[in-house]
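Architecture and fold: a report
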Amino acid sequence: TLTNFSGTPFSLWGARQWGSNLVGCWWTVVCEVAFPVLIWFRRINPWLLLVAAVFHLGVLALMNVGAFSYLSISAYPVLLHPEVARSLWVRLRGQPVR
């Protein structure tokens, strides 16, 4: 059966959509292989991490894989480029960016 990781009826329905699953599986493989290289580019670093966080939120919504999504998302701030992280931290604290 397809219920191995299905947590909801919606996720079970999604597991039966073979065409979109094939595209999604290959897209995931390509992104996971490219991730270590793409993370080094400062310009796309925050956007890549945002897309990855949305991906893992989708995994959380559609699959029953325990704490995997929470752990993945909680690790992303460490991967943020230091200059971008400092800029975001300053903005969150309400201070002007220098």
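Higher on the page you've got the structure.
Residues numbered from 1 in each chain as written. Predicted model: local features only at pLDDT ≥ 70, side-chain atom pairs only at ≥ 80, totals over all residues. Heavy atoms only, no water.

Digging into helix α2 (residues 18-38)
Its 21 residues give α2 an end-to-end C-alpha distance of 29 Å, which sits within 8% of 30 Å, the value for a rise of 1.5 Å per residue. At E32, α2 shows its largest bend, some 25 degrees, and a proline, P36, comes one to four positions later. (Helix = DSSP H or I, 4+ residues; strand = E, 2+ residues; numbered from the N terminus. Expected span 1.5 Å × (residues − 1). Bend = angle between axes of the 7 residues up to and from the residue.)

Structural notes on the packing of helix α3 (residues 45-62) against helix α4 (residues 68-79)
Here α3 crosses α4 at 170 degrees, and the two axes come no closer than 9 Å. Relative to α4, the element α3 lies roughly antiparallel. Contacts between α3 and α4 involve N45, L49, A52, A53, H56, L57, V59 and L60 on the former and, on the latter, F68, S69, Y70, S72, I73, Y76 and L79. Of the residues contributing to the contact of α3 with α4, the split by class is 11 nonpolar, 4 polar and no charged. (Axes fitted to C-alpha atoms, helices over the stretch in contact; angles between N-to-C directions. Parallel < 35°, antiparallel > 145°, perpendicular 65-115°, else oblique. Contact = heavy atoms within 4.5 Å. Nonpolar A, V, L, I, M, F, W, Y, C, P; charged D, E, K, R; others polar.)

Considerations on the environment of P46
Here P46 shows up in helix α3. Residue classification places P46 among the partly exposed positions, given a relative accessible area of 24%. With 39 residues separating them along the chain, P46 and A85 place their C-alpha atoms 8.9 Å apart. Apart from the residues within four sequence positions on either side, P46 is in contact with L80 and V84. (Buried < 20%, exposed > 50% of the residue type's maximum accessible area, 1.4 Å probe, protein only.)

Side note on the packing of aromatic side chains
Tallying each qualifying case throughout the model produces 1 aromatic pair. On the numbers, 6.2 Å between centres and 40 degrees between planes, the contact of F35 with Y76 is tilted. Here the residue F35 occupies a position in helix α2, and Y76 occupies one in helix α4, the gap between them amounting to 41 residues. Classification of Y76 by relative accessible area gives buried; the value is 12%. (Phe/Tyr/Trp six-rings, centres within 6.5 Å; stacked < 30°, edge-to-face > 60°.)

Focus on the nonpolar core
Among the nonpolar cores identified, the biggest contains 9 residues, and these are F35, I39, L48, L49, A52, A53, Y76, L80 and V84. Ranked by the residues each element gives to this core, the list is headed by α3, at 4 residues. With residues up to four places along the chain from it excluded, the contact list for L80 reads N45, P46, L49, A85 and L88. (Core = buried A, V, L, I, M, F, W, Y, C linked by side-chain atoms within 4.5 Å.)

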